[in-house]
Amino acid sequence: MIVGVGIDVVDIDRFTQRMEANPRLAERLFTADERGLRPESMAARFAAKEALAKALGAPVGLRWTDAWVVRDSTGRPHLRTQGTVRARADELGVAHLHVSLSHDAGIASATVIAESG
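Residues numbered from 1 in each chain as written. Predicted model: local features only at pLDDT ≥ 70, side-chain atom pairs only at ≥ 80, totals over all residues. Heavy atoms only, no water.

(A) View of the sheet that holds strand β5 (residues 107-116). With antiparallel pairing, three strands are arranged side by side in an open sheet as β1-β5-β4. Lying at the two open borders of the sheet, with one neighbouring strand each, are β1 (2-11) and β4 (94-104). The sheet shows a mean angle of 10° between the axes of neighbouring strands, taken without regard to direction. Bridge count between β4 and β5: 10 bridges; the pairing is antiparallel. When the sheet's bridge partners are listed, Val99 is paired in β5 with Val112. Strands β1, β4 and β5 of the sheet are contacted by helix α1 (residues 12-21), whose axis makes an angle of about 80° with β1. (Pairing = 2+ DSSP bridges. Helix = DSSP H or I, 4+ residues; strand = E, 2+ residues; numbered from the N terminus. Axes fitted to C-alpha atoms, helices over the stretch in contact; angles between N-to-C directions. Contact = heavy atoms within 4.5 Å.)

(B) Broad picture of the nonpolar core. Counting 31 residues, the largest nonpolar core has Phe15, Met19, Leu52 and Val112 as its most contacted members. Elements represented by at least two residues in this core include exactly α1, α2 (25-29), α3 (39-55), β2 (67-71), α4 (83-92), β4 and β5. Broken down by element, the residue count for this core peaks at nine residues, all from α3. Leaving out residues up to four positions away in the same chain, Met19 has contacts with Leu25, Ala26, Leu29, Phe30 and Met42. (Core = buried A, V, L, I, M, F, W, Y, C linked by side-chain atoms within 4.5 Å. Buried < 20%, exposed > 50% of the residue type's maximum accessible area, 1.4 Å probe, protein only.)

Now the structure itself:
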């Protein structure tokens, strides 16, 4: 059963400008592995974190670094969670998270579906 759905879009240029204007922002938003990615990939991952928060009901107190995107051997993205994000997902009975990422024409987007067991 679907527990929640979230979608988010990010203007890549605006995102990049904000990251450059505040270098410490990357530490608050991304894991160490994510911080080394190209700007469009980071923007898509930020969109995924926003979409995930929406799918979980956008509760206050989620830590951005408690969720991150990994790719499997075929390149397919998957969300990993811990801490505050995992606790919220468990509270809602979420067993599976599905994520789709895209970036084109200066826009990064992500959709997340939270599914119960």
